[in-house]
Amino acid sequence: MGVFLGCIADDFTGATDLAGLLARSGVKVSLRMGIPKENPENSRTSAIEVIALKCRTSPVGEAVDETLGALAWLRQAGAQRFFWKYCSTFDSTAKGNIGPVAEALMAALETDQTIYCPAFPENGRSIYMGNLFVGELPLAESPMKDHPLTPMRDSNLMRLLAPQVAKPVGLVNHLTVAKGADAIREKISDMQTSGISHLVVDAVANVDLYSIAEACMDMKLLTGGSAIAMPLPALFQKQGLLAVAGENEPWPELADTSIVLSGSCSAMTREQVHRYLKQAAGYKLDPLHLAKHGMDAAREWLLLQPAESKKMIYATAEPAEVGKAQEALGIERAGKLVEDALADLAVLARNMGVRRFVIAGGETSGAVTKALGIDSLRVGPEIAPGVPWNLSQSAGETIAITLKSGNFGTGDFFETALRKLKPDA
Ligand code: ADP
């Protein structure tokens, strides 16, 4: 069977999160960084394809063009159902991209209804009466209200979505969702008769996601966070639309040579770095030192480490230290110095024979995968919710790589990740 489900994500780590949850089903999932350059016919495709874009905060026209390009590739690959993935906190502005992209995809797919369900109950995102909650707080009272790029000052998804779309917005509320898939289907059909195209759907628990997915699985386009897509593979399998697992190739034998590269300064990553330093050799990158002396010292340190040893190179630092570097160098330059250094060291590590890479940080992941020349990943076993191991090719070598965004995983993430790749794990 060829490609069936084609997904487009508006950012990089969001795409990994989605791919990881979809791969829980055992169905083969491929993740592509950007719209693939080669035609699908010349590419080894999987039953589920996820294309990672970086268009969350791009101008609307650019985001629409890019997503339509991704859609065209997925259709050419044979996909018949489509999923538009955005953040579970609906990150966007009144001029944002979630609605316009959905409308453009709907027009291209000639469909007149879709749902909006960013809920992710396992991670504390729920929707009740159209209002999005982060834990116990309404979105607009959560830390998202101060986000530097997409401050969320309203919690009501209908009000957030309406200015972004031309057609009417409506709500399938929890009173309906709690009654199950048939009730949801009936409500959606009534709304179709009334010309309502954009349906915000309440979900407060995983059971709601299953009812919604069952009711909506025949829609050509679904939109939401990663969690609403999670039940889809099993539902498609039941209908014989997706091959049952078994299509998966075995995980190849890889040399037990690893490195952790961390450019994330998020609280969880700081704890993870602190813990891993107790068992691994570590080298700390300092942007001020990098600016003055370059990265010879870091390269020399890495060259002295045996390929088989546990090692970590990190720029991870406490906020005060990050602030100091940013003050001296500017935020952008400090970040770029670190990203460039980690990217360069990843290439050196690969050339030294390292085959297992643990990368911490969203931007850092982008820089490292780019330097390693990775444009597609085969999604493998999940390490933590939303963080899978992936297989890829770099300079003709097969490598395993995991990309962890700042606050994902628990304190022992690095050890756990590397343990999970042992044959007896
Ligand atoms: P996260 O997923 O935690 O947000 P990112 O990699 O996306 O992590 O972002 C972290 C940013 O901080 C990167 O641009 C990185 O280069 C930068 N950075 C990392 N360490 C430092 C440091 N010590 N000083 C200044 N900037 C840093």
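Treat the numbers as computed from the prediction; the structure is a model and nothing was measured.

Cut-off values and rules
- Residues numbered from 1 in each chain as written.
- Predicted model: local features only at pLDDT ≥ 70, side-chain atom pairs only at ≥ 80, totals over all residues.
- Heavy atoms only, no water.
- Near = heavy atom within 4 Å.
- Polar contact = N/O pair within 3.5 Å; in protein donor to acceptor, adjacent residues only side chain to side chain.
- Helix = DSSP H or I, 4+ residues; strand = E, 2+ residues; numbered from the N terminus.
- Nonpolar A, V, L, I, M, F, W, Y, C, P; charged D, E, K, R; others polar.
- Expected span 1.5 Å × (residues − 1).
- Buried < 20%, exposed > 50% of the residue type's maximum accessible area, 1.4 Å probe, protein only.
- Pairing = 2+ DSSP bridges.

Draft legend 1. Representation of the site of the ligand within the structure. Every one of the 19 residues lining the ligand counts as a neighbour, but S264, S266, E339, E363 and T364 are closest to it. Contact distances for the ligand include 2.5 Å between an oxygen atom and a side-chain N or O atom of E339. Broken down by element, the residue count for the shell around the ligand peaks at four residues, all from helix α13 (residues 331-351). Classifying every residue of the shell around the ligand gives eight nonpolar, nine polar and two charged.

Draft legend 2. Fine view of helix α3 (residues 98-109). With twelve residues, α3 extends 16 Å between its outermost C-alpha atoms, agreeing within 8% with the 16 Å of an ideal straight helix rising 1.5 Å per residue. Taken together, the buried positions of α3 are I98, G99, P100, V101, A102, A104, L105, M106 and L109. Directly after α3, the chain includes E110, whose backbone phi takes a positive value near 50°.

Draft legend 3. The arrangement of the pairing of strand β4 (residues 81-85) in detail. Within β4, five of the five residues are buried, leaving the element largely enclosed by the surrounding structure. Taking every second residue as pointing to the same face, both faces of β4 are buried, with R81, F83 and K85 on one and F82 and W84 on the other. Relative to β4, strand β1 (residues 5-9) runs parallel, the two sharing five bridges. Across the sheet, the residue bridging to L5 is R81, located in β4. Relative to strand β11 (residues 221-224), β4 runs parallel, the two sharing four bridges. If you follow K85 over to β11, its bridge partner there is G224.

Structural measurements only, silent on function.
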